[in-house]
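# Close look at the chain arrangement
Each chain is listed here by its residues.
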Amino acid sequence: MSSFLDCLSSDSKEGSPEQEKLLSGDQTQQSRAMSRDETVPPSIQVIQQRQLSINDIPWSNTLTFYLNGTTIELHNPNPSTLLAHYIRDTAGLHGTKLGCEEGGCGACTVSLTKKEGTRSVNSCLRPLCANDGMGIMTVEGIGSIKTGLSVEQQSIVENNGTQCGYCTPGWVANMHALNESKAENGTTSMSEKEVENYFDGNICRCTGYRPIMKAAFSATAACPSACPGKQSGTPCHHGVGPLNSGCGGNKGESSPMVAIEDLAVGSKSKSKVAAKCTPLGSRRNKELVNKHQPQPLRFQDPSSGDTWYRPVTFEQMCTVIRETSQVSPQAQIQFIGGNTSIGVTKYLNQSAPYNTADAYDVFVDINDILELQQESFDVSTRQLTVGSAKTLSELMAMLNQYGNSGATGEDVDHSSVFSVTSRHLGLIANTQVRNAGSWAGNLGIFNRHQSFPSDAVLALTLAQATLTVSDMAGQLSTLTMDQFLQLPPDAFLSNSTAVTTECLIIVAVTIQESQPPTAGARSLVTESYKICVRDHNAHAQVNAGFSFVLDAPKERGGGAHGGLGYQSAVNIGRGQLAARPRRGASAAPVCLSARIVYGGVSNKTFVATRTQQVFANATMSSAVLQQALVALQNDLMESGGGISAGFGDPEYRVSVMQTCLYRSVLRCYGAENLPPNLRSVLLPFEKPPSSGIELFDETGTGPLHKAVIKLEAKAQSTGEARYASDEPLPAQGLCAAMVYTTQASGKIKSIDPAVALGMPGVVSFLSAKDIPGTNFVGNIALKLFLDIGDDAACIGNPVGMIIASTPQLANDAQRFVRVTYEVTSSTPDLITNLTDSIAKQAFYDLGELPGTTLIECGDVNSALESAPYRSKGSTRTSGQSHFYMECQTAISHRKDGEFYEITCGTQNPTGVQKFVSNLLGIPNHHVTVNCPRVGGGFGGKINHSTSTAAASCLASSITGRPVKIFNSRTSDMYQNSGREDLQFDYEVGYTSEGLITAVTYDIYVDAGMDAGDATGSLNMCMNWADNGYHLPNYRAQAKVCFTNTPSRTYCRAPGVVQSALATSVIVERVAMELGMDIEEVQHKNLLQNGDKTIIGQEVQDSTLEQCWQTLLQRSNFKARQAQVEQYNKDNLWRKRGIAVEPVKYGIEWAGYDAGVQLGVYRADGTVSVTHSASEIGQGVNTKVAQTVATALNLPLDMVRILVTSTDKLANGGSTGGSATSEVCCQAAVLACEKLLARLNAVADPNRTVAQWVELVKSTPCDVSMNVEGWYSPTQNPSGEHFQYFVWGACVSEVELDVLSGQVHTLSSEILYDCGQSLNPDVDIGQIEGGFVMGLGYICQERVQYDEKGLLDSVGTWEYKPPLAQDIPSVLNVTLLANAPNRQGILRSKAVGEPSFVLSNSIYFGIKTAIMSARRDQGNSSGRPQRGAAATFVDIPVPMTIDVRQQACLVDPSRFVVPN
């Protein structure tokens, strides 16, 4: 076999002794040069291999790496162990979290130092064995409460960057890696955009990202992006500012108002985050890494036989492969670069619904093979050659370094192959994945799974790169990327089912840079596009690349080349150019040759050869473009094999395939030669980095009503905050995983765990027959485990559980339990969507439930009959996954032989206690449920946490050992659904002035296979449906529908989000039918004081009118609306929309059970508090502590909140519905009043701490210092259905790319009546978080089941919550000043859910933009000009990228170019 080496440069990394010997030029071990393909780049030299035996290689079985500055040596580690599992389970560092275990959420991020530098990586993907000689910093090593917080951690704390806090360590580790990398590279500054993009791999479901990005900008010393408002005082970002005051806003407009940026605890001024040196562990890591010498490694798992090799030369690698194939011809060999493929192949290999990655037996780590780490740039040929072990990030850096323009990837030079290639590679996955995964590995996935829409394949094919490959005989040769596309799926060694001499190994890639552009010469125009559901960290739905070689420009009339080609083109949208070429303009471009590549549209990436031929030696014109579009369809069928079924709507993907071609042709003209209304097509569709301010007023003398930093913030930022999933498994502890149904219909015929039980380490399998008590864990007969003979009902219904020695083994064994089903002619047909359920009338028989299935007020029939205008319609809203960062988890211990202690992440500890007791057939007091904190809930852990806890406790009761369950992300999503799909069929009556006189609804709700929780959501849907509007005559009736999908459950603002949107759609419908401005119709119908809601409650203390008028004025709504209209007239393929949305959100206390137990320590007067709620990120701990500290006139640090536990407070209620924090604060007030009464004291704001301590010490010992406050109203104190209403409004402006459907929210401004906020910092965080979660629901989070009932949108591969890059460019939040709530607890109002409704403003903003596009396409259903009615069109939610683009009615026959 042959090896190769590059021309080592002076800055090549130091190699091992074996490497140095091979590369030294010593020919004693080498013989003649072997034959080589003459196309192999000269930099790759070939020498004869020595005929080594695998036993001749000096293998070591010791893995050495450096963890937080400490040297770790492991002897024969298990090849299958991942770094995250080692960090958490062996090293005991639980700050590193597990969120998705597929590299999609960033919770597992650590900082990894190699000799080449420091980068962030996903520890959930990285094998432990791949870290030899490397340094790893976890969040604990970066800083701690004891040793001091790092600059990153302190910035997170001070900017309120945590809520549930589960994701926080990943953000901190990523910030730390960025700072370390900057220091190593000598980078003094980065733009805010660069910093923001570095966090494209981190998800936060709670905060809405604004405080985190503020922290990131501060911690990394990012340079603010340029904004003209900074110098001129003009409005920033499209004229938007909370007070219309440029970038910073006018923070002093109202003196009581304070900006969060100006606050620190107890102060009106906030100290900046001080610079801090690199943590000691990080410095120590670098020292050790630089001293480490790599040596060959071999590890083997004695039970499975899985083997890990880490050769350090190409020769050793070939020896391993050769002898492995001889001994085990069927061995599956995987080359290990970053191992990032395990997060992808599980979705490509048809392994659903257990989704397991491709399996291998032999792992060959290529990261220390110097020959595969080569890089060289030939200045004369302009060729860059890069070894196959280089990461994507390293390849991007080289392309940027050697490219013509020196572009960083943020700015694209369309004449540079390197620049365009780098930018497209930068769209692969996320920062952490690109930092670890090799470019060659990405190609390997494509070769194995050719439907994989590889961005690397697209980019390299467009660049006409060549691959240097080696076959198993040692012959080096080259492959063009076109040849690569034609290779069979087993062409490469790591993809082959058996190693043969024909198997290939990728050695290097060579890319040639284009010649720098010169005046009067031929030019290159190259561009690539990646269109996906979410702009970042998402696979492509369409990948497209174009490269045109243009002839030297010729002028019309002698004008200068590049001059403005057209003066105007006002009617271009209707297929006409209303402008003539200006004298002196450039002639139409002449294309000499074209390169066109597509991916994602068909089952494989293909080169559009027929389309290329159309452009060859052609002058660009509309006619040529239309010919090319026809040829493109032929290419799709011939080269691509036709449109594929996966990766999005087929019609959409074909349309975008066409629009990408159109856009690239316009690029050839250049913006200066296009009509004005086409130029925006060529502008980068990139969102500016996020900005915004938050304004509020502060009152009071104690900690209450102040912007106090959350109690847990420091511990969350350092990873020291413990979650249920972090609870360590004691000695002899076991792990379990649920086994669930794999088909959605038929009766369970048999359950056979034999194969799973035969796996080493599997202990037991439990099923329904093992349950000693009642097999129910839900409100309406929802079983823990289905039994033989039960209907499967859906995919994901638990039938049992595997118990094993490790979580990895339990998760692996679950899929080997064989479940069979009996399907007969009497088995009902599958119903997997709401449409089919309605058509088949598959309704649950719930009877008539007033307030739930029927609400009526006024005389709706008469009002409809007498209405001057009537309209009917239907609107649809889809589901939403909770996507809490911490999946369902529980660990159970048996205590003293008969008692059980469960630690779980739940919103309902008492409910868990009750159902577990019933399941085991034991008294409630035998079961204690602890909830330290929850890594996100959003309603998904009220009832659906019970199954996990009950299963773990059942296993513990039977095995007598501690048992832990921690769902994987995919398993969690298959078992637990989220928000319900709803359909609203409506009729509305209204006057010519736009006043709504009557509304009727027929509402259908998809409950899934059980109606329990969906009925509760429906109740809220019905009672909150009027939102902020007065509907005097109203009737709504509802049906709860069955589908063969998992049972739906509560999800943030359950039912309210959907019904509020439906009512706003009706208001929009009225406005469009009458040709009125929507906001005018909205205002005419707003609820006013004295009006009655649809449930008959009189409105009092409404601030809605104040919020509405103030917000419209502050946001310059009318002026901006006019600007939007003008922008839409001026731009054909870019559109904007602006909309305002009100919210009225009822809050009720009846049914809450809130308790607070308070104890004072006589020795020093400090206070410990336990309450009944679950801390899920909403800040209940902080608010209760503030309440107690203020009531007792103590500093906040004298109050400590303890873990919620059923053995401290019995009968506590569930946490949800937004009001939990305030009712707990009321219970705290009652407890403090009891305590002060016992002490014969009063609430004295002048009492000092010393006086308090003296008072406590002097109190007789027979006076208990332990008190309890309990607040559990059976009805609201106000006597009304709702205790009070939350009011608010939001203005949002969006920009839409018509050709692709991409959308950016330019700005959102929220004015929110929070009463007298208990903690403005916490409350604004909740408002922002709810709003951004709503943005995700509106724009990108699609829940979809296929025709067999399988969840398509599972895991981070297909389900896309918002990222930091998706939030509004400007997000401003103002709490209404001087608005204490006389009906509220401590004069406050709730915040958790109402802001979600305000995201509907984004929906209507997008719809405005869409309607403008429809008008340009000649469709009368577009939103009318003032005074002109138009046909209404409904657009469902979520309004995902394909829905948006298809709604624009893009017609390729209307694609025009200057002729």
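Attention now goes to the sheet that holds strand β5 (residues 109–114). Whenever strands of a sheet pair, they do so through backbone hydrogen bonds, lying parallel or antiparallel. Strands sit in the order β4-β3-β7-β5-β6 across an open sheet of 5 strands; the sheet is mixed. In this open sheet, the two strands that pair with only one neighbour each are β4 (70–75) and β6 (117–122). Adjacent strand axes in the sheet meet at a mean angle of 30°, parallel and antiparallel pairs treated alike. The sheet contact formed by β5 and strand β7 (residues 135–137) spans 3 bridges and is antiparallel. Paired with Ser 111 across the two strands is Met 137, which belongs to β7.

Turning our attention to the nonpolar core. In terms of nonpolar packing, the biggest core is built from 334 residues, with Trp 439, Phe 615 and Trp 1252 touching the most fellow members. Top contributing element to this core by residue count: helix α29 (residues 1056–1074), with 12 residues. With near-sequence residues (within four places) excluded, Trp 1252 lies in contact with Val 1160, Gly 1165, Leu 1192, Leu 1194, Met 1198, Leu 1235, Leu 1236, Leu 1239 and Arg 1247. Formed by 29 residues, the second largest nonpolar core is a distinct cluster that contains Ala 890, Val 916, Leu 920 and Ala 950.

So, on to helix α31 (residues 1104–1114). Since the α-helix advances by 3.6 residues per turn, residues separated by three or four positions end up pointing in the same direction. All buried positions along α31 are accounted for by Leu 1104, Cys 1107, Trp 1108, Leu 1111, Leu 1112 and Arg 1114. The arc that holds every buried residue of α31, seen down its axis, measures 165°, which confines them to one face. Packing partners of the buried residues in α31 comprise α30 (1078–1084), α32 (1117–1130), β38 (1134–1147), β44 (1284–1297), β45 (1303–1312) and β46 (1370–1375). Downstream of α31 by one or two residues, Asn 1116 has phi in the positive range, about 55°.

All right, on to the state of the cysteines then. Under the definition given, this model contains 0 disulfides. Note on Cys 124: no disulfide assigned, nearest cysteine sulfur contributed by Cys 108 at a separation of 3.4 Å. Cys 204 takes part in no disulfide bond, and the closest cysteine sulfur to it belongs to Cys 167, at a distance of 3.8 Å.

Per-chain confidence: the protein averages 90 in pLDDT, with 89% of residues scoring 70 or above. Note that residues 1–14 has pLDDT below 50 and, in this model, 54 contacts with residues that lie over four places away or in other chains. Note on residues 19–35: pLDDT is under 50 here. Beyond four places in sequence and across chains, it has 27 contacts.

What follows is about the environment of Glu 856. Take Glu 856: it is sitting in strand β29 (residues 854–857). The spatial distance from the C-alpha of Glu 856 to the C-alpha of Asn 1033 is 7.7 Å, given a sequence separation of 177 residues. Excluding anything up to four places from it in sequence, Glu 856 contacts Tyr 1034 and Arg 1035.

Inspection of the entire model under this criterion finds 37 aromatic pairs. Between Phe 484 and Phe 492 the ring centres are 5.8 Å apart and the planes differ by 50°, which places this aromatic pair in the tilted class. The exposure class of Phe 484 is buried, given its relative accessible area of 0%. Assessed through its relative accessible area of 4%, Phe 492 is described here as buried. Note on Trp 1024 and Tyr 1145: the rings are 6.0 Å apart at their centroids and 55° apart in plane angle, and the pair reads as tilted. A residue pair is termed long-range when its members are at least 10 positions apart, and Trp 1024 in the loop between α28 (1012–1023) and β37 (1034–1042) and Tyr 1145 in strand β38 qualify at 121 residues. With respect to burial, Trp 1024 and Tyr 1145 carry one shared label: buried. Grouping aromatic residues by their ring pairs yields a cluster made of Trp 1024, Tyr 1145, Phe 1282, Phe 1285 and Trp 1287. Over the ring of Phe 883 we find Arg 969, and its NZ or CZ is 4.2 Å from the ring centre.

Moving on, we come to the sheet that holds strand β14 (residues 383–387). Strand order across the open sheet formed by 5 strands is β13-β14-β17-β15-β16, with antiparallel pairing between neighbours. Each of the sheet's edge strands pairs with one partner strand only, and the pair in question is β13 (375–378) and β16 (476–480). Each strand of the sheet is rotated relative to its neighbour by a mean of 25°, with strand direction disregarded. Pairing of β14 with strand β17 (residues 504–512), which is carried by 5 bridges, proceeds in the antiparallel orientation.

Calculation rules
- Residues numbered from 1 in each chain as written.
- Predicted model: local features only at pLDDT ≥ 70, side-chain atom pairs only at ≥ 80, totals over all residues.
- Heavy atoms only, no water.
- Pairing = 2+ DSSP bridges.
- Helix = DSSP H or I, 4+ residues; strand = E, 2+ residues; numbered from the N terminus.
- Axes fitted to C-alpha atoms, helices over the stretch in contact; angles between N-to-C directions.
- Core = buried A, V, L, I, M, F, W, Y, C linked by side-chain atoms within 4.5 Å.
- Buried < 20%, exposed > 50% of the residue type's maximum accessible area, 1.4 Å probe, protein only.
- Contact = heavy atoms within 4.5 Å.
- Arc of directions from axis to C-beta.
- Disulfide = S-S within 2.5 Å.
- pLDDT = per-residue confidence, 0-100.
- Phe/Tyr/Trp six-rings, centres within 6.5 Å; stacked < 30°, edge-to-face > 60°.
- Lys NZ or Arg CZ within 6 Å of the ring centre and 35° of its normal.

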